[in-house]
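The lines below spell out each chain.
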Amino acid sequence: MHQRWAILSIQSFELLCLLDLMAAFDTIDHDLLLLHMEQQFGLRGVVLQWFQSYLSDRSFWIMYCNQTSSPIYIVCSVLQGSVLGPCLFILYTTDLVDEVGYSSTM
């Protein structure tokens, strides 16, 4: 559910925006995440390769009534339920605060 709240006072206008992040882990672009890790956090070499290996060549398939689908390769998202998933999401969204800070006043 998306909600917007506005609080008006005599001297300023404030807007509270609540984001629905339920599917956010599924929208993380691997290439962009790796670029963030390199440019913003200075990860390079073996460390960056380790993360690239962790994110790449993932797939899933569906089995129903002893029939198996073809594999579907995952190009976006981080594993939910993993220890690294929330950490990678935080790394991915670190510049969000900067972007909001640079937006113009409404």
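Computed from a predicted structure; not experimentally measured. Position numbers for residues start from 1 in each chain and track the written sequence from start to end. Given that the model is predicted, a residue must reach a pLDDT of at least 70 before its local features are reported, and side-chain atom pairs must reach 80 or more before they are shown or counted; all residues, however, enter totals for whole chains, interfaces and linings. Water and hydrogen atoms play no part in the side-chain values, which are based on all heavy atoms of the structure.

## A look at the overall build of the protein chain
Here's step 1: For helices the rule is a DSSP run of H or I covering at least 4 residues; for strands it is a run of E covering at least 2, with both sets numbered from the N terminus onward. From N to C terminus, the protein chain includes 4 helices and 6 strands.
Here's step 2: Secondary structure elements in the protein chain, listed N-terminal to C-terminal, are β-β-α-α-β-β-β-β-α-α.
Here's step 3: Here, residues are in contact when the closest pair of their heavy atoms is within 4.5 Å. Considering only contacts in the protein chain between residues 6 or more positions apart, those separated by 24 or more positions represent 52%.
Here's step 4: Of the roughly 8800 Å² that the protein chain leaves accessible, carbon and sulfur atoms contribute 62%. Note on areas: Shrake-Rupley, 1.4 Å probe, and residue coverage restricted to the protein chains presented here.

## What about the environment of Leu84?
Here's step 1: In this fold, Leu84 is placed in helix H3 (residues 84-93).
Here's step 2: Along the chain, Leu84 and Tyr54 lie 30 residues apart, while their C-alpha atoms are 9.8 Å from each other.
Here's step 3: In this structure, Leu84 is in contact with Trp50, Phe51 and Tyr54, ignoring residues within four places of it in sequence.

## Observations concerning the nonpolar core
Here's step 1: Membership of the largest hydrophobic core comes to 13 residues, with the highest contact counts inside it found for Ile28, Leu33, Leu34, Met37, Leu55, Val78 and Leu88.
Here's step 2: Looking at this core, the elements that each hand over two or more residues are helix H1 (30-39), helix H2 (45-55) and H3. Only buried residues count toward a nonpolar core, which is a set of Ala, Val, Leu, Ile, Met, Phe, Trp, Tyr and Cys residues joined through side-chain atoms within 4.5 Å. The buried label applies to any residue whose accessible area, calculated with a 1.4 Å probe on protein chains only, is under 20% of its type's maximum; exposed applies above 50%, and partly exposed to all values in between.

## Observations concerning the packing of H1 against H2
Here's step 1: With their axes 11 Å apart at the nearest point, H1 and H2 run at an angle of 165 degrees to one another. Relative to H2, the element H1 lies roughly antiparallel. Judged by the twist between their axes, the crossing of H1 over H2 is right-handed. Here His30, Leu33, Leu34, Met37 and Glu38 of H1 come into contact with H2, specifically with Leu48, Phe51, Gln52 and Leu55.
Here's step 2: Split into classes, the residues belonging to the contact of H1 with H2 amount to 6 nonpolar, 2 polar and 1 charged. Fitted lines through C-alpha atoms serve as axes, helices being fitted only where they are in contact, and the angles separating the N-to-C directions of these axes extend from 0 to 180 degrees. The scheme is simple: roughly parallel for angles under 35 degrees, roughly antiparallel for over 145, roughly perpendicular for 65 to 115, oblique for anything else. Note: crossing handedness is left-handed where the near helix turns anticlockwise from the far helix by less than a right angle, and right-handed where it turns clockwise. Residues were grouped as follows: Ala, Val, Leu, Ile, Met, Phe, Trp, Tyr, Cys and Pro as nonpolar; Asp, Glu, Lys and Arg as charged; and all remaining residues, including Gly, as polar.

## Describing the side chain of Ser77
Here's step 1: On the secondary structure map, Ser77 appears in the loop between strand E6 (72-74) and H3.
Here's step 2: Exposure remark for Ser77: the relative accessible area of 15% places this residue in the buried category.
Here's step 3: In contact with Ser77, other than residues within four places in its own chain, are Phe25, Asp26, Ile28, His30 and Leu55.

## Points about the confidence of the model for the protein chain
Here's step 1: Each residue carries a pLDDT value, the predictor's own confidence for that position, ranging from 0 to 100. Per-residue pLDDT for the protein chain averages 78, and the proportion of residues at 70 or more is 69%.
Here's step 2: Contacts of residues 1-9 to residues separated by more than four positions or lying in other chains number 14 contacts, the stretch itself having pLDDT below 50.

## Observations concerning the side chain of His30
Here's step 1: Assignment of secondary structure puts His30 in helix H1.
Here's step 2: In protein, a polar contact requires one atom able to donate a hydrogen and another able to accept it; more generally it is a pair of N or O atoms within 3.5 Å, and residues adjacent in sequence count only if both atoms are side-chain atoms. For His30, the side chain forms a polar contact with the main-chain oxygen of Leu55, separated by 3.4 Å.
Here's step 3: Ignoring any residue separated from it by four or fewer positions in sequence, one finds His30 in contact with Leu55, Ile74, Val75, Cys76 and Ser77.

## Details of the packing of aromatic side chains
The description of an aromatic ring pair uses the distance of the two centres, along with the angle that the planes make with each other.
Here's step 1: Only rings of Phe, Tyr and Trp enter the pairing, Trp through its six-membered ring, and a pair is recorded when the two centres are within 6.5 Å. The plane angle decides the type: under 30 degrees is stacked, over 60 is edge-to-face, the rest tilted. Within this structure, the stated rule accounts for 2 aromatic pairs.
Here's step 2: Considering the side-chain rings of Trp50 and Phe51, the 4.9 Å spacing of their centres and the 80 degrees angle between planes classify their relative orientation as edge-to-face.
Here's step 3: For Trp50, a relative accessible area of 47% puts it in the partly exposed group.
Here's step 4: Relative accessible area serves as the criterion here: at 12%, Phe51 is assigned to the buried category.
Here's step 5: On the basis of an interplanar angle of 15 degrees and a centroid distance of 5.9 Å, the ring pair of Trp50 and Tyr54 is categorised as stacked. Residue Trp50 and its partner Tyr54 are both found in helix H2; the two are separated by 4 residues, about one turn of the helix.

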